[in-house]
Amino acid sequence: MSQQHKQAEDTNASQLDASRAATPTPTLPGDASPKDSPGKLSHLKTETDVMVVDWDGPNDPANPKNWPYRRKWAATLIVSSFTFISPISSSMVAPASEQISREFHITSSAVMAMTTSIFVLGFALGPLFFGPLSEIYGRSRVLQGANLLYLAWNIGCSFAQNTGQLIAFRFLSGLGGSAPLSIGGGVLGDTWRPEERGKAIAIYSLAPLLGPVLGPVCGAWITQRSTWRWVFWSTSIVDVVIQLAGIFFLQETYAPLLLERKANKIRAQMDEEKGHNKEICTIYDQGESRHWKDIFARSMTRPFMLFAFEPIVQLIGLYMALIYGIFYLFLTTMPLIFSKVYYEEPGIAGLNYIALGLGLTLAAQINARLLDRFYITFKKKNGGVGEPEFRLPSMAIGSVLLPIGLFLAGWAPQKHAHWIATDIGIALVGGGMIMCFQAMQTYIVDAFTLHAASALAAVSCLRSLAGFAFPLFAPIMYERLGYGIGDTILACVAIVLGCPAPWIFWKYGKMIRSKSRYAHKSARIDGN
């Protein structure tokens, strides 16, 4: 046995705790390098009759946090692609609503809106199961399996023969397409260190908002030039390309699963050698039952436990529900504004979504740089210790832009101002939303790195329910109140609830997190 292994055998409990605090988070299953071979046991630390499998030091290349940047960006871009395509489907059908209504004889405005928003109801439920499943079977398998579910039912939508079939198939495709909303954040938490994470999450979090913006632009022209069924066929074709990219290039990143595979190799080696009676577990399994039933029960109930007992998750969930609800309300009402106020054809009206896309993209690019700069600056002032609250300054900027955009986007069409004024308001709404959205998502990943997928699942449930419900009452609200008063109400809500939020999280966030078992454990592993 090597001298290195002898030293590892003599490591005491305090050294083990120190190694935990320094250990980067999740890695990649099935991606073991030659250093990870069963013959090398330098990553073992022994306590009495237990061998604890850990990384081969802080620079272990098998740890995704030590991957080369090109490998990290490859994972980020593929996950963002999955996160981009399914939200396109959520809104791409909106411009085709009237065509669908005529074919299926839909007379209710609520049912018409539901053909669009029912997809988002699947977004609310799916992550509650896909998030924890990714913490059992790995990110890559669950993400790609769920995407196949989305693809199958999205194709089914194109063959729907009545309203019931379309709504049912839309819900099921939304269920499958929801997986990237929670798993994607987990992948970024697995691969990027906190001080590097801002740019990656800026791209990832832009995808679920930019997708619904580009969807109506494409959907409007498809509807005008062809049939609504091509809305679903076109997204299915693109999704096949993304699925193939995932099969070939998306590698596993979840550390507990990777270390469990290392542990399995060591168990196999020791079974061959015989004479070893030590129990082998990973650094993540210590003190917990490793029976598959117990693992499954812990993982599948984790999002519900987070939502029920973690105040920080509840508060962020409510805030993001407001942002997301306003966003989907906008997507539903924009065709009405530009067709009934500005009398534009569907194809031309769809181009106004570009204003929302520009606001989202420009703000996201600026925020991608601000998130990491703010984090690094405050971390230095805090003695080199990072906190999730250091993501909040950009959220303060977004919470001001959002109500300003709502006032402008509401009163410009109400007073029949030039369409460019409405588009400027829409762009400001997009910019404010993405800055708040990115700050909150990065906050969640920083606070719950190890269980980021489950935490994002709990948060996304509320926000997706809001995305489903808001568009249902939007037509009636704007019909009775008008665009000016309707958006003024939303702006006032955004001011009363949104503007104090960054200050509240900054002042009390750490105190609330300190009572969280999940956040505390993840902070130690993430090195915060």
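Remember, predicted model here, so these are calculated numbers, not experimental data. (Residues numbered from 1 in each chain as written. Predicted model: local features only at pLDDT ≥ 70, side-chain atom pairs only at ≥ 80, totals over all residues. Heavy atoms only, no water.)

Observations concerning the overall build of the protein
Next, step 1: Assigned secondary structure in the protein consists of 21 helices and 3 strands.
Next, step 2: Expressed as a percentage of the 528 residues in the protein, the buried residues total 59%.
Next, step 3: Pairs at least 24 residues apart make up 84% of the contacts formed inside the protein by residues separated by at least 6 positions.
Next, step 4: When the accessible surface of the protein is summed, it comes to about 20800 Å², and 66% of that surface belongs to carbon and sulfur atoms. (Helix = DSSP H or I, 4+ residues; strand = E, 2+ residues; numbered from the N terminus. Buried < 20%, exposed > 50% of the residue type's maximum accessible area, 1.4 Å probe, protein only. Contact = heavy atoms within 4.5 Å. Areas by Shrake-Rupley, 256 points an atom, 1.4 Å probe, with all protein chains shown as cover.)

Structural notes on a nonpolar patch on the surface
Next, step 1: Nonpolar side chains collect at one region of the surface, where F407, W411, L481, I485, I489, V493, I495, V496 and L497 lie side by side and expose about 730 Å² of accessible area between them.
Next, step 2: Contributions of two or more residues to the nonpolar patch are made by helix 17 (393-414) and helix 19 (452-498).
Next, step 3: Here the nonpolar patch takes 7 residues from helix 19, the largest share from any one element.
Next, step 4: Take L481: its relative accessible area is 37%, and that puts it in the partly exposed class. (Patch = residues over 30% accessible without salt bridge, like charges linked within 9 Å, V, L, I, M, F, W, Y side chains within 5 Å. Salt bridge = Lys/Arg side-chain N within 4 Å of Asp/Glu carboxyl O.)

Side note on unusual backbone geometry
Next, step 1: Although it is not a glycine, H105 sits at a positive phi angle of roughly 60 degrees.
Next, step 2: Mapping H105 onto the fold places it in the loop between helix 4 (97-104) and helix 5 (109-125).
Next, step 3: Taking the relative accessible area as the measure of exposure, H105 reaches 67% and is therefore exposed.
Next, step 4: For H416, which is not a glycine, the phi torsion comes out positive at approximately 60 degrees.
Next, step 5: Relative to the elements of secondary structure, H416 occurs in the loop between helix 17 and helix 18 (419-447).

A look at the packing of helix 9 (residues 179-191) against helix 10 (residues 197-225)
Next, step 1: Two numbers describe how helix 9 lies on helix 10: the axes approach to 10 Å, and their chain directions differ by 170 degrees. Taken together, helix 9 and helix 10 sit at an angle that is classed as roughly antiparallel. Seen from helix 9, the contacting residues are P180, L181, S182, G184, G185, L188 and G189; seen from helix 10, they are R197, A200, I201, Y204 and P208.
Next, step 2: Tallied by class, residues from the contact of helix 9 with helix 10 come to 7 nonpolar, 4 polar and 1 charged. (Axes fitted to C-alpha atoms, helices over the stretch in contact; angles between N-to-C directions. Parallel < 35°, antiparallel > 145°, perpendicular 65-115°, else oblique. Nonpolar A, V, L, I, M, F, W, Y, C, P; charged D, E, K, R; others polar.)

Examining the pattern of salt bridges
Next, step 1: For the structure shown, the criterion picks out 12 salt bridges.
Next, step 2: Between K262 and D60 there is a salt bridge, with its nearest N and O atoms 3.2 Å apart. Within this pair, whereas K262 is found in helix 12 (residues 255-273), its partner D60 is found in the loop between strand 2 (50-53) and helix 3 (69-92), the two being separated by 202 residues in sequence.
Next, step 3: Look at D60 and you get buried, because its relative accessible area is 1%.
Next, step 4: R513 is the partner of E389 in a salt bridge, and the nearest nitrogen-oxygen pair spans 2.7 Å. You can see E389 sitting in the loop between helix 16 (353-381) and helix 17 and its partner R513 sitting in helix 20 (residues 500-513), a full 124 residues away along the chain.

Observations regarding the packing of aromatic side chains
Next, step 1: Tallied over the full model, the rule gives 19 aromatic pairs.
Next, step 2: The interplanar angle of 65 degrees and the centroid separation of 6.1 Å between the aromatic rings of Y375 and F390 together place this pair among those described as edge-to-face. Here F390 lies in the loop between helix 16 and helix 17 and Y375 lies in helix 16, a separation of 15 residues in the sequence.
Next, step 3: A relative accessible area of 0% means that Y375 is categorised as buried. (Phe/Tyr/Trp six-rings, centres within 6.5 Å; stacked < 30°, edge-to-face > 60°.)

Some remarks on the environment of V187
Next, step 1: In this fold, V187 is placed in helix 9.
Next, step 2: For V187, a relative accessible area of 2% gives the class buried.
Next, step 3: As a C-alpha pair, V187 and Q251 span 64 residues in sequence and 9.8 Å in three-dimensional space.
Next, step 4: When residues no more than four places from it in sequence are discounted, the contact partners of V187 are A75, V79, R139 and T253.

Let's talk about the nonpolar core
Next, step 1: Core analysis: the biggest nonpolar cluster contains 92 residues, and I316, F327, L356, M395, L406 and M440 have the highest contact counts within it.
Next, step 2: The leading source of residues in this core is helix 14 (residues 311-341), at 19 residues.
Next, step 3: When we break this core down by domain, the ones giving at least three residues each are domain 1 (51-287) and domain 2 (300-519).
Next, step 4: What L406 contacts, discounting residues up to four positions off in sequence, is I326, F330, V429, D487, L490, A491 and A494.
Next, step 5: The next biggest cluster of nonpolar side chains, apart from the first, holds 18 residues, and it includes L258, L259, C281 and I283. (Core = buried A, V, L, I, M, F, W, Y, C linked by side-chain atoms within 4.5 Å. Domains from an automatic or database assignment.)

What about the confidence of the model for the protein?
The predicted coordinates should not be examined in detail at positions where pLDDT is low.
Next, step 1: Residues at a pLDDT of 70 or more form 86% of the protein, whose mean pLDDT is 80.
Next, step 2: Taken element by element, the protein is modelled with least confidence in helix 2 (residues 13-22), mean pLDDT 38, and with most confidence in helix 7 (residues 139-158), mean pLDDT 94.
Next, step 3: Overall, residues 1-47 carries pLDDT values under 50, and its contacts beyond four positions in sequence, including any with other chains, amount to 125 contacts. (pLDDT = per-residue confidence, 0-100.)

Some details on the side chain of Q441
Next, step 1: Mapped onto the secondary structure, Q441 falls in helix 18.
Next, step 2: Residues within four places of Q441 in sequence aside, it is in contact with L181, I201, Y204, S205, M320, L456 and R463.

Focus on the packing of helix 3 against helix 10
Next, step 1: Following both chains from N to C, one finds helix 3 and helix 10 inclined at 35 degrees, their axes separated by 7 Å at the closest point. When the axes of helix 3 and helix 10 are compared, the crossing they make is right-handed.
Next, step 2: Each residue belonging to the contact of helix 3 with helix 10 can be placed in one class, and the counts come to 18 nonpolar, 8 polar and 1 charged. (Left-handed = near helix turned anticlockwise from the far one by under 90°.)

A short note on the environment of N63
Next, step 1: As for its placement among the helices and strands, N63 is situated in the loop between strand 2 and helix 3.
Next, step 2: Between the C-alpha atoms of N63 and D190, which are 127 residues apart in sequence, the distance is 8.8 Å.

As for helix 20
Next, step 1: Compared with an ideal rise of 1.5 Å per residue, which puts 14 residues at 20 Å, helix 20 spans 19 Å between its outermost C-alpha atoms and is within 8% of the ideal.
Next, step 2: Taken together, the buried positions of helix 20 are A501, P502, F505, G509, I512 and R513. (Expected span 1.5 Å × (residues − 1).)

Focus: helix 8 (residues 163-177)
Residue pairs spaced three or four apart in an α-helix point in one direction, given the helix's 3.6 residues per turn.
Next, step 1: Compared with an ideal rise of 1.5 Å per residue, which puts 15 residues at 21 Å, helix 8 spans 21 Å between its outermost C-alpha atoms and is within 8% of the ideal.
Next, step 2: Of all the positions in helix 8, only T163, L166, I167, R170, S173, G174, G176 and G177 are classed as buried.
Next, step 3: At the N-terminal boundary of helix 8, the capping side chain belongs to N162, with an oxygen 3.2 Å from the backbone nitrogen of G164. (Polar contact = N/O pair within 3.5 Å; in protein donor to acceptor, adjacent residues only side chain to side chain.)

Structural notes on the state of the cysteines
Next, step 1: A complete count under the given rule lists 0 disulfides for this structure.
Next, step 2: The thiol of C436 is unpaired, and the distance to the nearest cysteine sulfur, on C499, comes to 8.6 Å. (Disulfide = S-S within 2.5 Å.)

Let's talk about the side chain of Q144
Next, step 1: Looking at the secondary structure, you find Q144 in helix 7.
Next, step 2: Given the relative accessible area of 12%, Q144 is considered buried.

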